[in-house]
Structure formats: structure tokens, C-alpha cells
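Okay, here's what each chain looks like letter by letter:
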Amino acid sequence: MPAGPLVITSDDAVQVWTINLPHIGNAITDQEFITAFESAVEAANSDTTVRTVILTGEGKIFSAGGNVKDMANHEGMFGLEPIEQRYAYVDGIQRLPRALARLEVPIIAAVNGAAIGAGCDLAAMCDIRIASERASFAESFVQIGLVPGDGGTWFLQRAIGYERAAEMTLTGDRIDATTAHAWGLVSRVVPHDELITAAKELAERIVKNPPHALRMAKRLLQESRTGLLESTLGMAAAMQPLAHRDAEHVRRIERWRSV
């Protein structure tokens, strides 16, 4: 695996982003990783050949979330005074959900192992989640006397409902891949050695569709999570004429007509 906190490989229209920090449990709170993640989002948005992203972790862990060693040693942002630390969260880990909110293409989390704390939240931020049979999930902040500082309370309950999100958040207990599937946190569980293959197969089913329609459909899905029906209808009405004019739509609708 090449150097760098986030390794990006491409296979035609599919990019694979691998969190490459196994020596610290693929912790995602370091500034270097956050900056690399933002750069990857902006690059994907500007490259219309990219249609889907797969996010996974190097080694046995998807992401352990925060760097617990730095917390224990009061290093970096964890050594700041409360007021300064508040802004450090805004200018740190909270940049991840904002970056993913800007990502125009679908992103699939291929959860290869433990997704703990902010790692669980990062998975919940993705559009689709597939889990290895070895995966586990924990919203473990309260167990070390913290709260989800990265938007986890917003994302998790939208994935699994308020009651189950409350159980995970207020107990901090870990759930296995089978439970995550039963609760709707992941769409499927696959044998560990087949995880990336399964994610790529799903990605291929997505990328066969026209790229502009994909990006607009994802934006509609995101806006529909919190927007009013009338707002969503208005956005759909504005987007649809653009889709009708797209050359790929014209080509495909002609093909359907000729069948």
C-alpha cells in the first residue's frame, strides 16, 4: 500500500478510497487525513468520469474513530482549552460530514472491520454500506465520557431510526454485522474475502447509468432527508428538464423506443 493517509485507486468510473492509517487504527481525526479526504471529494466532483466511490480501511479495522492515544495524552486539539477546542472540532472532524455532503457521486462504505465512534459515524455518512462478516459497529463516545462531535446523532438515526440510534448512542455497546444488517445500518453482509468484490459489483450496477442523472438523483435523495415535500418537488422539477436534454438520456430513450 503506497504512503499517504488516504490511498485512491481507480478502475474506470469507480474510485476506491482506502484509509491508510492502520498503525493508529485508521483514526480519522488527524488534520492530514481530513485534508486528504476533502481533496479527494473535490477531485471526484470535478472529474465527470468518476461515477461512484468505495470507501474502506486498510488492515483489520475500518476506522477506530478518534486517536485515543492523543486524547489520553492531551495532544493536539485534545490539549486545547474548551473554547479553542470547540473551534477545533468545527475546523477538524466536522469537515468530514461537510465534505461528504458536497460529494456529488454515490459513495459505498465497504466496512472491513470495526467501525467505532467517529468511524461508525463515517460509515453512516455514506450513501450505501456493505459489511464484512468481521465488521462491527459502536457509537462508543459515552463509554469514555464524550458525545458524538462529528454529527453522528444526525446521521445514525436517519440510518436506523431514533430508538435504535438511541440504544447505540446511550449504551455505547458494540453490535455485530448481523445485527447491523437486521437494523438497516448495512444493506448486506458478505464473507470477508468477498467484501471489495461485492462493493465493486454494486458500484458497477450504479455506474452503468448516465453520470449527470446519477449526480442529480443523489442530490435529490440528500435534500429529501430533511427538506419539505414542496421543496423536493421544486428541485425535481428544475432538474428533470436538464436530464431530458442530456445526450445520454436521448440515446437511451431512443433505444427503449426501438425495442
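Scroll up to find the structure.
The structure displayed is predicted, hence computed values, not measured ones.

K.L.:
Mind showing me how you'd approach the pattern of salt bridges here?
P.N.:
If the charged atoms of two oppositely charged side chains come close together, the side chains can form a pair. Scanning the entire structure with this criterion turns up 7 salt bridges. Where E104 meets R215, a salt bridge forms, and the shortest distance between an N and an O atom there is 2.8 Å. Placement of E104 in the loop between α4 (95-102) and β5 (107-111) and of R215 in helix α10 (residues 211-226) is noted, with a sequence separation of 111 residues between them. Overall, the relative accessible area of 32% leaves E104 in the partly exposed class. Taking the shortest distance from any N to any O, the salt bridge between D127 and K218 comes out at 2.9 Å. Taken together, the residues span a long stretch of sequence, with D127 in the loop between α5 (118-125) and β7 (128-132) and K218 in helix α10 at a distance of 91 residues.

K.L.:
In this structure, what is going on with the sheet that holds strand β6 (residues 114-116)? I would like to understand it.
P.N.:
The strands that make up a sheet are held in pairs by hydrogen bonds between backbone atoms, and each pair lies either parallel or antiparallel. Read from one edge of the open sheet, 4 strands run β4-β6-β8-β9, paired in mixed fashion. Edge positions in the sheet fall to β4 (61-63) and β9 (174-176), since each has one partner strand and no second. Averaged over all adjacent pairs, the angle separating strand axes in this sheet is 20°, with direction ignored. Where β6 and strand β8 (residues 136-138) come together, 3 bridges link them in parallel fashion. Bridging across to β8, I116 finds its partner in A138. Packing of α5 onto the sheet brings it into contact with β4, β6 and β8, and relative to β6 it is tilted by some 100°.

K.L.:
Help me understand the pairing of β5 in this model?
P.N.:
Strand residues, when the strand is regular, have side chains that alternate between the two faces of the sheet. For β5, the buried fraction is high: 5 of the 5 residues fall into the buried class. Of the two faces of β5, both are covered, the one formed by I107, A109 and V111 as well as the one formed by I108 and A110. Across 4 bridges, the pairing between β5 and β7 is parallel. What sits directly across from V111, in β7, is A131.

K.L.:
Just checking my understanding: could you explain the packing of aromatic side chains for this structure?
P.N.:
In this description, a pair of aromatic rings is defined by centroid distance and the angle of the planes. Enumeration over the complete set of coordinates arrives at 3 aromatic pairs. Relative to F37, the ring of W17 has its centre 5.5 Å away and its plane inclined at 85°; by these criteria the two rings are edge-to-face. Within this pair, whereas W17 is found in strand β2 (residues 14-19), its partner F37 is found in helix α1 (residues 31-46), the two being separated by 20 residues in sequence. The buried category is assigned to W17, whose relative accessible area is 0%. The buried category is assigned to F37, whose relative accessible area is 0%. Considering the side-chain rings of F33 and F37, the 5.7 Å spacing of their centres and the 40° angle between planes classify their relative orientation as tilted. In this pair, F33 and F37 both sit in helix α1, 4 residues apart, roughly one turn of the helix. Each member of the pair, F33 together with F37, is buried. Members of the aromatic cluster, joined through ring pairs, are W17, F33 and F37. The lysine or arginine in question, R86, covers the ring of Y87, its NZ or CZ lying 5.5 Å from the ring centre. Directly above the ring of W154 sits R158, whose terminal nitrogen or CZ lies 3.8 Å from the centroid.

Procedures and definitions
- Residues numbered from 1 in each chain as written.
- Predicted model: local features only at pLDDT ≥ 70, side-chain atom pairs only at ≥ 80, totals over all residues.
- Heavy atoms only, no water.
- Salt bridge = Lys/Arg side-chain N within 4 Å of Asp/Glu carboxyl O.
- Helix = DSSP H or I, 4+ residues; strand = E, 2+ residues; numbered from the N terminus.
- Buried < 20%, exposed > 50% of the residue type's maximum accessible area, 1.4 Å probe, protein only.
- Pairing = 2+ DSSP bridges.
- Axes fitted to C-alpha atoms, helices over the stretch in contact; angles between N-to-C directions.
- Contact = heavy atoms within 4.5 Å.
- Phe/Tyr/Trp six-rings, centres within 6.5 Å; stacked < 30°, edge-to-face > 60°.
- Lys NZ or Arg CZ within 6 Å of the ring centre and 35° of its normal.

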